[in-house]
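Below are the chains, spelled out letter by letter.
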Amino acid sequence: QQQVKQSPQSLIVQKGGISIINCAYENTAFDYFPWYQQFPGKGPALLIAIRPDVSEKKEGRFTISFNKSAKQFSLHIMDSQPGDSATYFCAASDGTGFQKLVFGTGTRLLVSP
Amino acid sequence: EAGVTQSPTHLIKTRGQQATLRCSPISGHTSVYWYQQALGLGLQFLLWYDEGEERNRGNFPPRFSGRQFPNYSSELNVNALELEDSALYLCASSVSGGFRNQPQHFGDGTRLSIL
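What counts and what doesn't
Residues numbered from 1 in each chain as written. Chains lettered and ligands numbered in written order. Predicted model: local features only at pLDDT ≥ 70, side-chain atom pairs only at ≥ 80, totals over all residues. Heavy atoms only, no water. Helix = DSSP H or I, 4+ residues; strand = E, 2+ residues; numbered from the N terminus. Buried < 20%, exposed > 50% of the residue type's maximum accessible area, 1.4 Å probe, protein only. Lys, Arg positive; Asp, Glu negative; His and termini not counted. Salt bridge = Lys/Arg side-chain N within 4 Å of Asp/Glu carboxyl O. Pairing = 2+ DSSP bridges. Contact = heavy atoms within 4.5 Å. Buried area = accessible area lost by both parts, 1.4 Å probe.

Caption draft 1: Quick look at the side chain of A:D94. By secondary structure assignment, the location of A:D94 is in strand β9 (residues 86–94). Despite its burial, A:D94 pairs with no opposite charge, the nearest such side chain being A:K100 at 7.5 Å.

Caption draft 2: The arrangement of the pairing of strand β4 (residues 30–38) of chain A in detail. All names here are of chain A. Within β4, eight of the nine residues are buried, leaving the element largely enclosed by the surrounding structure. Relative to β9, β4 is paired through six bridges, and the arrangement is antiparallel. Considered in β9, the bridge of F30 is made with D94. Across five bridges, the pairing between β4 and strand β5 (residues 45–50) is antiparallel. Directly across from W35, in β5, lies its bridge partner I48.

Caption draft 3: Structural detail: the interface of chain A and chain B. Facing 21 residues of chain A, the contacting portion of chain B comprises 21 residues. Taken over both partners, the interface formed by chain A and chain B buries close to 1,900 Å², and the fraction arising from carbon and sulfur atoms is 50%. On the chain A side of the contact with chain B, A:R51, A:Q99 and A:F103 bury the most area, a combined 31% of that side's loss. Linking chain A with chain B are one salt bridge.

Next up, the structure:
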């Protein structure tokens, strides 16, 4: 019940296209959902995060869509660029105060020029 | 503003040895988290320290331990190293949020290799 399932495992998108990565969870106590971007040799960098009181959050070209009833959330990268090529992780944490992030297995995105 | 810094960048040890990894949080952050990123296993939560106290622990054996110093920096100790401990160890920090999840910001990690 602590798992976060992420798909696809890898994704190839043409420059200018939309990249979509999906995550699903079971634990209804999860109330914080961040997305991280990781380049090779670097640590994960926080991209954007959402709490379940909103259904969508947008920051620049990055949008999180959240469906509480389906227990799913997704990351959309608009106008994808070669510099977006990285591994993306979704994560979730519950509201018990223990601050533990449960991560998805990651999606390797390649944006072709 | 300096981010989370970790040292060393790489660490090579042999089975049975002990490893010490260090982390300095972002200035103003009092919470430090440790995660293990092993090949094929993703990121797994290890430990959370806040205000010098261990607040939460992941599903790892007791030979994984750590502490947080008065300046909020932290170290992770791994005793009796095993081959499967080879991984990237990531430290993250955040402001202390009580019962509300706070954004965690990661360092670039320490690559621990066990020979």
